[in-house]
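Structural overview
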Amino acid sequence: MKTKTIEYNDGVVRQFLIASVFWGVVAMLVGVLIASQLAFHVLNFNTPWLTFGRLRPLHTNAAIFAFVGNMIFCGIYHSTQRLVRARLASDFLSQLHFWGWQLIIVAAAITLPLGFSRGKEYAELIWPINIAVVLIWVVFAVNFFWTLAIRNEKSLYVAIWFYIATIITVAMLYITNHLQIPTSLLHSYPIFGGVQDALVQWWYGHNAVAFFLTTPVLGIMYYYMPKAAERPVYSYRLSVVHFWSLVFIYIWAGPHHLLNTALPEWLQTLGMVFSLMLWAPSWGGMLNGLLTLRGAWNKLRTDPVLKFLAAGVTFYGMSTFEGPLMAIRSVNAVSHYTDWTIGHVHSGTLGWNSFMAAGMFYWLAPRLWNTKLYSTKLADLHFWIGMVGILLYIASMWVSGITQGLMLNAVTPDGVLAYPNFLEVVNSTRAMLHTRILGGGLFLTGMILMAYNLFRTIRSGRPAVASIEVQVPDIAPKEGLSLIGGFFNPPVIYSFLLVLFACGWGFAQGMVSAVSLVLLVETALVAMIHLGLSGKKWNEWYEKLLESWLPFTVLTFVAVVAGGMIQILPTVFIKQTAGTDAPIQKVYTPLELAGRDIYIREGCYNCHSQMIRSLVGDVLRYGKSGRLTESIYDFPFQWGSKRTGPDLEREGGKYPNIWHFQHLMDPRSTSIGSVMPNYPWLYKQVTDIPALTSKIRVLSSYGVPFPPRSPDAILQSCIEQGNLITADLATSGIKISPDKEVIAVIAYLQQLGRYSAPAAQPAAPAPAVSAPAAPKQASAN
Amino acid sequence: MNHNTEHNDDGDLRHHSYDGIQEYDKKLPNWWLFTLYGAIIYAAGYWAYYQWTDHMQPGYARVEQRLVEFQKNALNSGAAPTDIQLWTMSTDPAVKSAGEKIFTSNCVVCHGPDLKGKIGPNLTDATWIHGGKPTDLYNTVTKGVLDKGMPTWGPVLGASRVADVVAFVISKNPTIEKPAP
């Protein structure tokens, strides 16, 4: 044994703290701007890079990856060093991580407003930036796990478990959802299309919330809550149970973003029931946080840190109750595509993430700069302003979301929509849109107060040097368990068998299912009896597992990988057009494809869905409900997640070309009271026809049956189709050249909902349904 | 600090400490366990019920069935209005004001606030592309003329609102004469 002094690397912690505060203010500033744009369309300024469709991705990416990203790196690096009693493994990797991440953010902040987008939510960044993200994430992972490998604390604390789950799961999700083939330096198509892309996207999207916004922040809670309260954590046992149930169950819940759509029913059911099962594991985290405060509640009155942390955990509990509620199929029929969803995510990001961030920063800054917090009063003011801001925000979104959901689904006794005019619904929630601006504005004010308070705190101090003395044995101690020891032991084997038999029961049929059920029940009983007898031994095994970072990491990976494989793989390997009686999507013409890419560039999917749900209200309003085969050539899919405007799945042919021409120039000219931005630049910019050659080549390699065309033939095709549209516009006295972008967009919009005949005719005639292009089959006469 | 906590401090506090953080090892709250088990059992039951009974048709088939039932019960299965009925409605101030509201929120953008036409044709003169009898108007509005950009309003507005808005248009067009009963 020798004694060694270890100096923590707090420099990079300080950097991440400052970066998080800065990007947090930026993200919320953009948030308030786009909230205002939804209420006052003139705030789009007729300027491409200031338009809602481009700024909304900037807002979400900045809030998630810039603000919370820097926050979790700050918290993880600070707490991990102390929890494992070791300096971060590499100063170089730490700096590479910090500067690489900031560079990615800057690149995102430039490319998103310029319209470079992959058209998938929270995954909009273009492929060169995706590669940088993966590289920097690997740098983070190496730096983190290397630190674990050289740790001087044998056992891994619960916070570390959550950090491990974060790092490996985000890597898995991010890489899978960003598989793509470039068509140019700045553009690519994802390799998944249609329903496959929908499934992968929401597996990623939902678990970005789970493993980027939740698990790392739970880890942070487990360090800073007991530190600030100076109380022991409530229950180690609860930590174990809620950690493993959370990471295992969370990953299955993604399809709840696709309820009542064309997604196969079994996946919808899985998405719903796993969301319900997620309720208790989530609340396990809340309980462990709040009950840690037992005996310290009186400190809440004086300590802003605990105020923020306690409120943050409470908001976590609230939104993890609201989430399962919204995942119930019938509730989702009302809540989906409305402002309710927006309110829900903001109770998570503002209530949980931002408040946890604030609590952590107020605790950290005085310690990192060896000083006192500049003003406790200002921090208290931040708390109350922020709290009122959140409450106004989510309450107004509840009111407007539920109003939208009920009005859009309302049907009169004589079988027609009670509110046929979409704009009537839009304009009935105006007051709530204004309330949201107020709420968001207040929250932003609080953030600025925090930035000022921290700035003054930092100015008053000096970077602190923190170090500890550790006893280093002469021979490095062995890890508690080998990889094999991690797997072959009763708890893991029982868990594996239980999942296996549950799958056998749920997915197989007949005898296999029945036998699986019997085995499932038997295994559960045996496991319980065994636990009763050998509980102590199992506990000792788990303690050993905690001394072995690699087996722990592998087990965590196994737990998170199961759900995704079972849900996604069947959909990927099934030939989607085989044996269906459904209409098959028509392959895009080159001009339509160009129009589609402009649609994605402008972020139209942020406000318009392309998925008519199997609900009476949806079908009466938009036409036949969507089928899987109708979007198989859509790379990426465009089913959307919000209807600020109406669904467009069967928009083609509903209005004449001239309507779209005028509507895109000034939506109010055809739709009184519309909140959509004007798109004047589409009438000046020229469609990028040359780019189509490599785009079509990539899509053909995915199996999209484009007829073979030379670059000249592509150009010719575009001119011909463009001329048809401009000739039609000319009959209404409009003169425009066919090479303008608006013509491509009109070509795309008029094609939506046009499908070719089914591949296989059904044996029996389909139920009374008219041609797919007709908007409403359930004619009232 | 209450008595209970004091007692537990000695009882089930784990001996290990991480950077000064200690952990109790409290039993899981019963209500929390019930929530967890209850959700799991509910999930299994829900899966069994929906996957293995006829209850769970594909969504598109389910909604079409519901629409058929819906229409069976619908009140609008009666005969379409006749020329004279529509004309008579056009003289009823209550119908006219109801029709005007519908016109303002749905038709104005194409036919103009004065009905003199913008994207769509003028509705106040004697020129009718798809027939000028009240029932012609009714059919045009109900079925739409997709080639010309007239949407299919029947299923959107419903029969009675289509009749109201047609009556309003008739009241604004002096060239439409009272049809023979």
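Within each chain, residues carry numbers counting from 1 in the order of the written sequence. Note on labels: chains are lettered from A, ligands numbered from 1, in written order. Only residues with pLDDT of 70 or above have their local features reported here, since the model is predicted, and side-chain atom pairs are shown and tallied only from 80 upward, although totals for entire chains, interfaces and linings are computed over all residues.

Once that is clear, we can look at the overall build of chain A. A run of H or I in DSSP becomes a helix once it reaches four residues, and a run of E becomes a strand once it reaches two; helices and strands are each numbered from the N terminus. Of the regular secondary structure elements, chain A holds 26 helices and 6 strands. Every radius of gyration here is taken over C-alpha atoms, with the globule rule written as 2.2 Å times N^0.38, N being the number of residues. Taken over the C-alpha trace, chain A has a radius of gyration of 27 Å; the compact-globule value for 781 residues is 28 Å, and the two agree within 12%. Along the first, second and third principal axes, the C-alpha atoms of chain A reach 90 × 70 × 55 Å. Across the 781 residues in chain A, those meeting the buried criterion constitute 56%. Around each residue's C-beta, the other C-beta atoms within 10 Å are counted; 20 or more make the residue buried, 12 or fewer make it exposed, and counts in between make it partly exposed. All C-beta atoms are placed from the backbone.

Each helix and strand in chain B was counted, giving 9 helices and 0 strands. Scanning chain B from its N terminus toward the C terminus, one meets helices and strands in the order α-α-α-α-α-α-α-α-α. A total of 181 residues make up chain B; the buried ones form 32% of that total.

All right, on to the domain arrangement of chain A then. Residue and element names in this part refer to chain A. Once the domains are mapped, chain A shows domain 1 (2–462), domain 2 (483–573) and domain 3 (584–756). For the domain bounds, the source is a domain assignment made automatically or taken from a database. Using C-alpha coordinates to define each centre, domain 1 is positioned 30 Å away from domain 2. Facing the 25 residues of domain 1 at the interface are 17 residues of domain 2. Counting residues per element, the ones that place at least two in the side of domain 1 that touches domain 2 are helix H4 (127–149), helix H5 (158–177), helix H6 (194–229), helix H7 (236–250) and helix H8 (265–277). Tallied by class, residues from the side of domain 1 that touches domain 2 come to 21 nonpolar, 3 polar and 1 charged. The contact rule is simple: place each C-beta atom from the backbone, and if two of them lie within 7 Å, those residues are in contact. Residues are sorted three ways: Asp, Glu, Lys and Arg are charged, Ala, Val, Leu, Ile, Met, Phe, Trp, Tyr, Cys and Pro are nonpolar, and all the rest, Gly among them, are polar.

Glancing now at the domain arrangement of chain B. The domain boundaries assigned to chain B delineate domain 1 (3–52) and domain 2 (81–172). Taking the mean C-alpha position of each, domain 1 of chain B and domain 2 of chain B sit 65 Å from one another.

The next thing to look at is the packing of helix H2 (residues 52–83) of chain A against helix H12 (residues 339–368) of chain A. Residues and elements named next belong to chain A. Axis geometry follows a simple rule: fit a line to the C-alpha atoms, using only the stretch in contact for helices, then measure angles between N-to-C directions, giving values from 0 to 180 degrees. Two numbers describe how H2 lies on H12: the axes approach to 11 Å, and their chain directions differ by 40°. One finds that H2 runs oblique with respect to H12. The crossing of H2 and H12 is left-handed. Facing Ala63, Val68, Met71, Gly75 and His78 of H2, the residues of H12 in contact are Thr349, Asn353, Ala357, Met360 and Leu364. Looking at side-chain class alone, the contact of H2 with H12 contains 6 nonpolar, 4 polar and no charged residues. Working definition: roughly parallel below 35 degrees, roughly antiparallel above 145 degrees, roughly perpendicular at 65 to 115 degrees, and oblique for all remaining angles. Each crossing is labelled by how the near helix is turned from the far one, with a counterclockwise turn of less than a right angle marking it left-handed and a clockwise turn marking it right-handed.

Attention now moves to unusual backbone geometry. All names here are of chain A. Following Phe635, the chain continues to Pro636 via a peptide bond in cis, the omega torsion being -5°. By the secondary structure assignment, Pro636 is in the loop between helix H21 (616–622) and helix H22 (657–665). With a phi close to 65°, Asn260 is a non-glycine residue in the positive phi region. As for its placement among the helices and strands, Asn260 is situated in the loop between H7 and H8.

Residue and element names in this part refer to chain A. Among the 6 residues in strand S4 (residues 467–472), 0 count as buried, and that is only a small part of the element. Strands qualify as paired when DSSP identifies two bridges or more between them. Sheet topology note: the strand S1 (residues 2–7)/S4 ladder contains 6 bridges and is antiparallel. What sits directly across from Thr3, in S4, is Gln471.

With 59 residues of chain B at the interface, the matching set in chain A holds 63 residues. Counting only elements with at least two residues in the side of chain B that touches chain A, the list comes to helix H2 (30–52), helix H3 (59–73), helix H5 (93–106), helix H6 (108–111), helix H8 (154–157) and helix H9 (159–172) of chain B. For the side of chain B that touches chain A, the element with the most residues is H2 of chain B, which contributes 11 residues. Per-class residue counts for the side of chain B that touches chain A are 34 nonpolar, 16 polar and 9 charged.

Further remarks concern the nonpolar core. What tends to happen in soluble globular proteins is that the nonpolar side chains get buried as a cluster. In these notes, a nonpolar core means any group of buried Ala, Val, Leu, Ile, Met, Phe, Trp, Tyr and Cys residues linked to one another through C-beta atoms within 7 Å. Membership of the largest hydrophobic core comes to 265 residues, with the highest contact counts inside it found for Leu309, Phe361 and Val745 of chain A together with Val166 of chain B. When residues of this core are assigned to their parent elements, the largest contribution, 22 residues, is made by H6 of chain A.

A few words on the confidence of the model for chain A. Note: pLDDT gives the predictor's confidence per residue, expressed from 0 to 100. The predicted model of chain A has a mean per-residue pLDDT of 93, with 96% of residues at 70 or higher. Confidence drops under pLDDT 50 across residues 759–781 of chain A; counting only partners more than four residues distant or on other chains, this segment forms 50 contacts.

Before going further, it helps to examine the packing of H8 of chain A against H2 of chain B. In a packed pair of helices, the relevant descriptors are the angle between the two axes and the axis-to-axis distance. Interhelical geometry of H8 of chain A versus H2 of chain B gives an angle of 165° and a closest axis separation of 9 Å. Here H2 of chain B runs roughly antiparallel to H8 of chain A, going by the angle between their axes. As for the relative orientation of H8 of chain A and H2 of chain B, their crossing is right-handed in sense. Between H8 of chain A and H2 of chain B, the residues in contact are Trp266, Thr269, Val273, Leu276 and Met277 of chain A and Ala39, Ile40, Tyr42, Ala43, Tyr46, Trp47, Tyr50 and Gln51 of chain B, respectively. Of the residues that constitute the contact of H8 of chain A with H2 of chain B, the class distribution is 11 nonpolar, 2 polar and no charged.

Looking now at the environment of Gln471 of chain A. All names here are of chain A. With respect to the helices, strands and loops of the structure, Gln471 is situated in strand S4. Along the sequence, Gln471 and Val170 sit 301 residues apart, while their C-alpha atoms lie 35 Å from each other. For Gln471, the contacting residues outside a window of four places in its chain are Met1 and Thr3.

All names here are of chain A. Mapping Tyr755 onto the fold places it in strand S6 (residues 755–756). The exposure class assigned to Tyr755 is partly exposed, which follows from the 19 C-beta atoms found within 10 Å. When the C-alpha positions of Tyr755 and Phe501 are compared, they lie 42 Å apart, and in sequence the two are 254 residues distant.

What follows concerns H2 of chain B. The span you would expect from a helix comes to 1.5 Å times its residue count less one. Across its 23 residues, H2 of chain B extends 32 Å between first and last C-alpha, which sits within 8% of the 33 Å expected from 1.5 Å per residue. Three or more residues of H2 of chain B are buried, namely Leu36, Ala39, Ala43 and Trp47 of chain B. Summarising the contacts, the buried residues of H2 of chain B are in contact with H8, helix H9 (279–292) and helix H17 (490–507) of chain A.

This brings us to the confidence of the model for chain B. All names here are of chain B. When pLDDT is averaged across chain B, the result is 84; 88% of the residues are at 70 or more. Across chain B, the element-wise mean pLDDT spans from 44 in helix H1 (residues 3–11) up to 93 in H2. The complex prediction reports pTM at 0.92, with the ipTM value standing at 0.89.

On to the environment of Pro121 of chain B. Within the secondary structure, Pro121 of chain B is located in the loop between H6 and helix H7 (134–143). With 49 residues separating them in the primary sequence, Pro121 of chain B and Lys72 of chain B have C-alpha atoms 36 Å apart.

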